[in-house]
Amino acid sequence: MKKIIVLLSIVVIFMTGCSVTKLDDTNISKNMKVLLSKKVNLYNVFYDGYKYYLPKGVSFVKKEDYNALLKDRNNNKYYLYVDAISYYHKVKNEYEISKDSHYSKKLNYNKKNGYIQIDEVDDNYFVQFVFNYVKIESYVNKDDLTDVINNMCYILRSVKFNDAVLESLIGDNILDYKEEDYTLFKADSSKESFLDVVGREETDRYKKDLEDEKIDLDY
């Protein structure tokens, strides 16, 4: 099976005060500051080269290579991408605050960088959350927005890479992967729509996954 690693745009910044906020839920910023500032050593998911923690109520639907589909108790879906290649090569790109988004903020906590961007799509919110070389995306309603972002924080803050293992996998070119050049993950991706980037066929499948309450769990 062909292995695909999607390269993500990872933000390198030195201040966290720059942001655009239009949502009236101020808990988002407060919760992120508290959760991402805390150092944790708690893990329950282990794979070659990295590990992380899934909070209670969040479980796997499926996983393929460095990509995973997660689901919480409210049936919200989370698309998670671990960019081990960018981590290994210490790729540094900059994210530009999106003035057209409902929420756009650069993040820098515990020497880990990233950003969060929230856009309104079809009366719901599309969340792109990048932190520590991992990206999580979700499409949620406003009532679940705070809980979903909190879950993302729990996962992203816990990610820890194993340099020795990644050296054996990536350093010697043992991994059989293909770099997909999606503009979604470039520095100017804030101006792109996720649904436009993956195309109409992928859009329909993406929405179906998000809306299908009867998806079978595959552990």
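Refer to the preceding data block for the structure.
What comes next is a walk through the structure. Computed from a predicted model, the values in this text were never measured in an experiment.

**Section: the pattern of salt bridges**
Tallied over the full model, the rule gives 1 salt bridge. A salt bridge links Glu137 to Lys135, with the nearest nitrogen and oxygen atoms 3.6 Å apart. For the pair Glu137 and Lys135, one class covers both residues: buried.

**Some thoughts on the side chain of Asp83**
Following the sequence through the fold, Asp83 ends up in the loop between β7 (77–82) and α2 (84–89). For the buried Asp83, no salt bridge is present, and the opposite-charge side chain at shortest range is Lys135, 10 Å distant.

**As for helix α1 (residues 27–37)**
Those residues of α1 that sit buried are Ile28, Met32, Leu35 and Leu36. Buried residues in α1, looked at end-on, bunch into an arc of 85°, giving them a common side. Turned more than 90 degrees away from the buried face of α1 sit Lys30, Lys33 and Val34, all of them exposed.

**Examining the packing of aromatic side chains**
Counting across every chain of the model gives 7 aromatic pairs. With a centroid separation of 5.8 Å and 35° between ring planes, the pair formed by Tyr47 and Tyr50 is classed as tilted. Judged by its relative accessible area of 4%, Tyr50 falls in the buried class. With a centroid separation of 5.6 Å and 85° between ring planes, the pair formed by Tyr87 and Tyr133 is classed as edge-to-face. Of this pair, Tyr87 sits in helix α2 while Tyr133 is found in the loop between β10 (124–131) and β11 (134–140), placing the two residues 46 residues apart along the sequence. Classification of Tyr87 by relative accessible area gives buried; the value is 13%.

Definitions and limits used
- Residues numbered from 1 in each chain as written.
- Predicted model: local features only at pLDDT ≥ 70, side-chain atom pairs only at ≥ 80, totals over all residues.
- Heavy atoms only, no water.
- Salt bridge = Lys/Arg side-chain N within 4 Å of Asp/Glu carboxyl O.
- Buried < 20%, exposed > 50% of the residue type's maximum accessible area, 1.4 Å probe, protein only.
- Helix = DSSP H or I, 4+ residues; strand = E, 2+ residues; numbered from the N terminus.
- Lys, Arg positive; Asp, Glu negative; His and termini not counted.
- Arc of directions from axis to C-beta.
- Phe/Tyr/Trp six-rings, centres within 6.5 Å; stacked < 30°, edge-to-face > 60°.

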